[in-house]
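Results of the structural survey
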Amino acid sequence: MNYSKTLSSLDLSSGSQAKPSRPFNINEVKEMLEQRIQQVIDRQYEYDCDKCTQLSKDISQIIKDAMKSLNYDRYKYVIQVVIGNCQDENVMMTCRCLWDVETDNYAAYVYSNTKIFCAVTVFGLYYF
Amino acid sequence: MNDIYQQPFVVHDASNIINETIESTLEHQLYQKTKVNLWTSNIVETIISALTKANKSFKYIASCVIMEKNGAGLHTATSCFWDNTNDKSFTIRWENTTMYVIVTVYGLSI
């Protein structure tokens with residue numbers, strides 16, 4: 001989408017900023033995701049229906065708090081966690097985004113062992 | 001910020017668009033590993049272009065998960081750090097005899 005029209009009509013005196021002081025760094029976020037998820041799910045973790053319901057919610061909260069502690073100024077976050085049983089079937093996950101490519105980005109990490117897989121995606125969107 | 005940028009993301013418009021897109025892509029189809037890439041891309045791209053036509057000043061994220069029905073379980077969870085008054089998300093769960101489809105759309109105001 002062409003945001004230049006929107007940007008030119010922004011009233012900059014009211015506190016909007018067109019460029020982030022520190023842009024979304026994919027590698028930093030990916031490293032954080034790897035660390036946090038491996039702390040929560042260890043190699044022996046098995047798939048259990050009730051436990052995994054709570055686990056998916058817990059992981060999304062943990063990652064949201066971790067993103068807040070990374071201190072990106074004026075960024076909104078969307079964190080999506082998908083947990084499933086590894087049982088020989090196939091899963092395909094796709095996303096498309098309409099955003100400003102200069103300021104917005106996403107980082108994804110997939111963890112799997114023999115019993116369970118966990119895919120976490122973090123989207124960072126700049127608030128003008 | 002002008003009021004025009006403060007319109008909240010309208011959920012029921014989005015749900016119609018998503019439902020129609022899934023039905024048109026997957027009705028009567030059986031799960032096929034070779035086609036699933038094409039289906040997911042088609043669904044999310046159609047949703048994004050339909051939402052763009054509404055011409056509101058929003059950023060959109062559309063995510064689609066297709067899973068074959070084989071007895072395994074799947075959980076999804078989302079957490080968001082955003083402006084609760086203007087930003088919304090919407091999830092639709094659809095299934096047929098051979099697969100489960102979960103489509104999530106997020107709309108964030110600029």
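Given the structure is predicted, the values throughout are model-derived calculations rather than measurements.

On to the interface of chain A and chain B. Where interface size is quoted, it is often the accessible area lost as the parts come together. Contact with chain A, which involves 49 residues of that partner, is made by 44 residues of chain B. Taken over both partners, the interface formed by chain A and chain B buries close to 3900 Å², and the fraction arising from carbon and sulfur atoms is 58%. Lys59 of chain B is the partner of Asp104 of chain A in a salt bridge, and the nearest nitrogen-oxygen pair spans 2.7 Å. Among the secondary structure elements, those contributing two or more residues to the side of chain A that touches chain B are helix 3 (49-69), strand 1 (75-85), strand 2 (91-98) and strand 4 (116-126) of chain A. For the side of chain A that touches chain B, the element with the highest residue contribution is strand 1 of chain A, accounting for 11 residues. Looking at the side of chain A that touches chain B residue by residue, the classes come out as 26 nonpolar, 15 polar and 8 charged. Strand direction decides the pairing type here: strand 2 of chain A and strand 1 (residues 58-68) of chain B, joined by 8 bridges, are antiparallel.

Our focus in this paragraph is unusual backbone geometry. All names here are of chain B. Of note, the phi angle at His28 is positive, near 65°, even though the residue is not glycine. One can find His28 in the loop between helix 1 (11-26) and helix 2 (36-53). At Asn55, a residue that is not glycine, the phi angle is positive and equals roughly 60°. When you line up the elements, Asn55 lands in the loop between helix 2 and strand 1.

All names here are of chain B. Of all 11 residues in strand 1, 10 are buried; the element is thus mostly enclosed. Across 11 bridges, strand 1 lies against strand 4 (residues 99-109) in antiparallel orientation. The partner of Val65 across the bridge, within strand 4, is Ile102.

Aromatic ring pairs: the centre-centre distance and the angle between the two ring planes describe each pair. According to the stated counting rule, one finds 9 aromatic pairs over all chains in the structure shown. Note on Tyr77 of chain A and Phe81 of chain B: the rings are 5.6 Å apart at their centroids and 20° apart in plane angle, and the pair reads as stacked. Taken as a pair, Tyr77 of chain A in strand 1 and Phe81 of chain B in strand 2 (residues 74-81) lie in two separate chains rather than in one. Overall, the relative accessible area of 1% leaves Tyr77 of chain A in the buried class. With a relative accessible area of 33%, Phe81 of chain B lands in the partly exposed category. An aromatic cluster of at least three residues, connected via ring pairs, comprises Phe24, Tyr72, Tyr75, Tyr126 and Phe128 of chain A.

The next subject is the pattern of salt bridges. Residue and element names in this part refer to chain B. Within this structure, the stated rule accounts for 7 salt bridges over all chains. Salt-bridge contacts for Glu95 lead to Arg93; the nearest nitrogen and oxygen are separated by 3.2 Å. A relative accessible area of 38% means that Glu95 is categorised as partly exposed. Arg93 sits in the exposed class, given a relative accessible area of 59%. Shared partners join several salt bridges into a network, and the residues in it are Lys69, Arg93 and Glu95.

Glancing now at the sheet that holds strand 4 of chain A. Strands belonging to one sheet form pairs held by backbone hydrogen bonds; the direction of such a pair is parallel or antiparallel. Ordered by their spatial adjacency, 4 strands build an open sheet running 3(A)-4(A)-1(A)-2(B), and the pairing between neighbours is antiparallel. Taken across any chain shown, the strands that pair with only one partner, and hence form the sheet edges, are strand 3 (105-112) of chain A together with strand 2 of chain B. Geometrically, the sheet is characterised by an average inter-axis angle of 10° between neighbouring strands, direction not taken into account. Summarising the sheet, strand 1 of chain A and strand 2 of chain B pair through 8 bridges and their orientation is antiparallel. The residue bridging Tyr77 of chain A from the neighbouring strand is Phe81 of chain B, located in strand 2 of chain B. Set on the sheet, helix 3 of chain A makes contact with strand 1 and strand 4 of chain A together with strand 2 of chain B; between it and strand 2 of chain B the angle comes to about 25°.

Cut-off values and rules
- Residues numbered from 1 in each chain as written.
- Chains lettered and ligands numbered in written order.
- Predicted model: local features only at pLDDT ≥ 70, side-chain atom pairs only at ≥ 80, totals over all residues.
- Heavy atoms only, no water.
- Contact = heavy atoms within 4.5 Å.
- Buried area = accessible area lost by both parts, 1.4 Å probe.
- Salt bridge = Lys/Arg side-chain N within 4 Å of Asp/Glu carboxyl O.
- Helix = DSSP H or I, 4+ residues; strand = E, 2+ residues; numbered from the N terminus.
- Nonpolar A, V, L, I, M, F, W, Y, C, P; charged D, E, K, R; others polar.
- Pairing = 2+ DSSP bridges.
- Buried < 20%, exposed > 50% of the residue type's maximum accessible area, 1.4 Å probe, protein only.
- Phe/Tyr/Trp six-rings, centres within 6.5 Å; stacked < 30°, edge-to-face > 60°.
- Axes fitted to C-alpha atoms, helices over the stretch in contact; angles between N-to-C directions.

Bear in mind that shape data such as this cannot, by itself, settle questions of function.
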